[in-house]
Amino acid sequence: MADPINTRCDLMMFGALGDLAQRKLFPAMYQLERAGLLHKGTRILAIARNKADSSEVRKTLLGKLKEHVRKDEFDAGVAEQFLQRVDYQFLDFTNPDGYGVLNDWRSKEPSNLIVYMATPPAMYGEISRNLRGNNCCDQNTRVVVEKPIGHDLESSKVINDELGEVYNEDQLFRIDHYLGKETVQNLIALRFANNLFASQWDQNHISHVEISVAESVGIEGRWGYFDKAGQVRDMVQNHLLQLLCLIAMDPPSDLSADSIRNEKVKVLKAMRRITPDMMDTHVVRGQYTAGTSGGKPVPGYLEEEGAARGSKTETFVALKAEIDNWRWSGVPFYIRTGKRLPEKLSQIIIHFKPAPHYIFDPDQKHLANNKLIIRLQPDEGMSLQILTKDQGLDKGMRLRQGPLELTFSETFETDRIPDAYERLLWEVMKGNQYLFVRRDEVEHAWQWVDQIMRNWDDSGVPPKRYAAGTWGPVASIAMITRDGRSWYEDA
Ligand code: BG6
């Protein structure tokens, strides 16, 4: 990272005792402190509905930092210094009369006010109105909100309208934490700083693209939330479509937030709608049954704690997405994501077309395609699979596929890759919106996924089963095999 932020910030964090704040937000702020990036006057007001005082809350936060910060990155002195910035305020979010105390806390020095709503999205409107009603925010306040923004297009409009009543779009920082991941930002550098790729990035040279975001975890005690959402709402509508946009978008004219977001919106608008007659060939939904994870037996989705019988919620989805524009016509984007898959792995594979005329042994033709493998996590890096001649007199012109490998941690000797939230909080403090999602992006993404979910509702077809610890239903393999291709791991 670079220079410290040179303006002080007053950060009000609603939902400060919740899971997100304690697992991600405070540890990220601690890391910014450790890196010396916070302005010395920056303060945090932790706001929640539990009756407690500041010193109790600091103690709780210290415990959580110890739990969630890597041991070799935990420094008691830094933690102490960081927690001195934190005050606690009990507040009933629904009671407008309680908000006045927030003004008393504000710094008397000029500072940027940041309101972070780590609360259920249903509260965003009410909190915003109460803040405005008590003059706790103005046109310079920056407001950070988390996904999910709604559960479909209509409900997302309601939330966005409520936010829009109080704030302008340039005050809103909608988080998609995938955009804060270093390797995701690297997609922009890879594509637009390397002319080598820029000239090859279209349907003339690329045959298809794979985006896989696999998780080995199940739903981790979140049945109540997850069963209403499912993998399409939880992962595809946001993280996977954002990845797709970064791969597919045209070059922005500069790195400003709106230039980038305008290009992403064009991609979302060009995505072909998946109509009912395409469901069999373009969509597979799955739900895990009992199996194994990390060598241990694990229950199926319907046997998880709090589960209701007969749920049709998907824990896996594989999709064939198509983009109807000049650049991508005829290039499918195969997307898959699921819980309880064999490993945690997010990667994008760009499959290039073979050379126009093949002159080597026909039995090696299957090797003929170059691939660019972009590993988002773990083991962040890239690998370009190229063909060379096999070594040795006896090998003739036998071909061999091998990688041009770039593992970020080794090549750049970075001791740590910052967590997405460190980057995102830092950008909010600097007032940069380019890693945040604009309203129209959210809405176009909902529009595309809504029709898939509507088709499922209309057909009533249940999800296909897959055993925990496998790569999803076999139908997802059939989906890509029908096109004469295979998922990268199966290749
Ligand atoms: C969240 C989803 O947005 O992303 C979770 O709600 C999911 O269900 C998580 O597990 C995955 O994020 P990451 O950074 O671990 O890949």
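Thresholds, definitions, all that
Residues numbered from 1 in each chain as written. Predicted model: local features only at pLDDT ≥ 70, side-chain atom pairs only at ≥ 80, totals over all residues. Heavy atoms only, no water. Helix = DSSP H or I, 4+ residues; strand = E, 2+ residues; numbered from the N terminus. Buried < 20%, exposed > 50% of the residue type's maximum accessible area, 1.4 Å probe, protein only. Lys, Arg positive; Asp, Glu negative; His and termini not counted. Salt bridge = Lys/Arg side-chain N within 4 Å of Asp/Glu carboxyl O. Contact = heavy atoms within 4.5 Å. Pairing = 2+ DSSP bridges. Axes fitted to C-alpha atoms, helices over the stretch in contact; angles between N-to-C directions. Core = buried A, V, L, I, M, F, W, Y, C linked by side-chain atoms within 4.5 Å. Polar contact = N/O pair within 3.5 Å; in protein donor to acceptor, adjacent residues only side chain to side chain. Patch = residues over 30% accessible without salt bridge, like charges linked within 9 Å, V, L, I, M, F, W, Y side chains within 5 Å. Areas by Shrake-Rupley, 256 points an atom, 1.4 Å probe, with all protein chains shown as cover. Expected span 1.5 Å × (residues − 1). Near = heavy atom within 4 Å. Nonpolar A, V, L, I, M, F, W, Y, C, P; charged D, E, K, R; others polar. UniProt positions renumbered as here; feature names shortened; annotations may be inferred.

Here we take up the side chain of Lys-371. With respect to the helices, strands and loops of the structure, Lys-371 is situated in strand S14 (residues 371-377). No salt bridge is formed by the buried Lys-371; the nearest opposite charge belongs to Glu-210, separated by 8.0 Å. In contact with Lys-371, not counting residues within four places along its chain, are Ile-349, Ile-350, His-351, Phe-352, Ser-383, Leu-384, Gln-385, Gln-401 and Tyr-488.

Within the open sheet, the 6 strands sit side by side as S3-S2-S1-S4-S5-S6. Their pairing is parallel. At either end of the open sheet lies a strand with only one pairing partner, and these are strand S3 (86-90) and strand S6 (172-174). Strand-to-strand twist across the sheet, computed as the mean angle between neighbouring axes with direction ignored, equals 20°. Sheet analysis places strand S5 (residues 142-145) next to S6, joined by 3 bridges and oriented parallel. Paired with Val-144 across the strands is Phe-173, a residue of S6. Running at roughly 165° to strand S1 (residues 9-14), helix H1 (residues 19-34) makes contact with S1, strand S2 (43-48), S3 and strand S4 (112-117) of the sheet.

Look at the link from Lys-147 to Pro-148: it is a cis peptide, with omega at 0°. Looking at the element boundaries, Pro-148 is found in the loop between S5 and helix H6 (153-166). Of the consecutive residues Gln-377 and Pro-378, the connecting peptide bond is found in the cis state with omega at -10°. Among the secondary structure elements, Pro-378 is positioned in the loop between S14 and strand S15 (381-389). One non-glycine residue, Arg-340, adopts positive backbone phi at about 55°.

With that out of the way, let us pick up the nonpolar core. Core analysis: the biggest nonpolar cluster contains 127 residues, and Phe-14 and Phe-26 have the highest contact counts within it. Top element by residues in this core is helix H9 (residues 223-248). It accounts for 11 residues. Ignoring anything within four residues of it in the chain, the contact list for Phe-26 reads Met-13, Ala-16, Ala-21, Ile-44, Ala-46, Leu-61, Leu-65, Phe-82 and Val-86.

Helix H13 (residues 420-430) sits mainly inside the fold: 10 of its 11 residues count as buried. Among all positions in H13, only Ala-420, Tyr-421, Glu-422, Arg-423, Leu-424, Leu-425, Trp-426, Glu-427, Val-428 and Met-429 are buried. Along its buried surface, H13 packs onto S1, H1, S4, S5, S6 and helix H7 (182-193). Put simply, Asp-419 is the residue that caps the front of H13, since its side-chain oxygen is 3.0 Å from the backbone nitrogen of Tyr-421. Looking at the residues trailing H13, positive phi occurs at Gly-431, about 80°.

A cluster of nonpolar side chains, Ile-359, Phe-360 and Met-397, forms an exposed patch at the surface whose accessible area comes to about 320 Å². Turning to its location among the elements, Met-397 is positioned in the loop between S15 and strand S16 (399-407).

Each turn of an α-helix holds 3.6 residues, which means side chains three or four residues apart point in the same direction. Helix length check: helix H10 (residues 257-270), at 14 residues, gives a terminal C-alpha distance of 20 Å against a target of 20 Å (1.5 Å per residue), a fit within 8%. For H10, the buried fraction is high: 10 of the 14 residues fall into the buried class. Within the span of H10, buried status applies to Ala-257, Ser-259, Ile-260, Arg-261, Glu-263, Lys-264, Val-265, Val-267, Leu-268 and Ala-270. For H10, the secondary structure elements touched by its buried residues are H7, H9 and helix H14 (439-459).

What follows is about the site of the ligand. Surrounding the ligand, one finds Lys-147, His-177, Tyr-178, Lys-181, Glu-215, Arg-222, Asp-234, Met-235, His-239, Lys-339, Lys-344 and Gln-377. The separation between an oxygen atom of the ligand and a polar side-chain atom of His-177 is 2.8 Å. A distance of 2.7 Å separates an oxygen atom of the ligand from a polar side-chain atom of Lys-344. When isolated, the ligand has an accessible area of 400 Å², and the protein chains bury 79% of it. The leading source of residues in the shell around the ligand is H9, at 3 residues. When grouped by side-chain class, the residues that make up the shell around the ligand number 2 nonpolar, 3 polar and 7 charged.

Attention shifts here to the side chain of Asp-450. Position of Asp-450 relative to the elements: it lies in helix H14. One buried charge, Asp-450, has no salt-bridge partner; the nearest side chain with opposite charge is Arg-454, at 4.7 Å. Within the structure, the side chain of Asp-450 is placed 2.9 Å from the backbone nitrogen of Leu-153, a separation counted as a polar contact.

Note that Ser-293 resides in strand S9 (residues 291-293). A C-alpha to C-alpha distance of 6.7 Å links Ser-293 and Ala-468, two positions 175 residues apart in sequence. Setting aside residues no more than four positions away along its own chain, Ser-293 makes contact with Ser-216, Val-298 and Arg-340. Within the local environment of Ser-293, its side chain forms a polar contact with the side chain of Arg-340, the two groups lying 3.5 Å apart.

Feature annotation in UniProt assigns "active site" (unreviewed entry) to the following positions: His-239. Within the secondary structure layout, His-239 lies in helix H9. Ignoring any residue separated from it by four or fewer positions in sequence, one finds His-239 in contact with Lys-147, Asp-176, His-177, Tyr-178 and Asp-234.

Right, let's talk about the sheet that holds S15 for a bit. Sheet strands pair via backbone hydrogen bonds, and the direction of the pair is either parallel or antiparallel. An order of S16-S15-S14-S13-S7-S12-S11-S8-S17 is seen for the 9 strands of this open sheet, with the pairing classed as mixed. Either end of the sheet is taken by a strand with one partner, and the two such strands are S16 and strand S17 (464-467). On average, each strand axis in the sheet is tilted by 20° relative to the strand beside it, whichever way the strands run. Direction of pairing for strand S7 (residues 206-214) relative to strand S13 (residues 345-352): antiparallel, over a ladder of 8 bridges. In the strand pairing of S13, Val-213 is matched with Ser-346.

What follows covers the UniProt feature "binding site: NADP(+)" (unreviewed entry) in the protein. Annotation from UniProt places "binding site: NADP(+)" (unreviewed entry) at Arg-49, Asp-92, Phe-93 and Lys-147. On the secondary structure map, Phe-93 appears in the loop between S3 and helix H4 (100-105). Using a relative accessible area of 3% as the deciding quantity, one classes Phe-93 as buried. Note that Lys-147 resides in the loop between S5 and H6. For Lys-147, the side chain forms a polar contact with the main-chain oxygen of Asp-234, separated by 3.2 Å.

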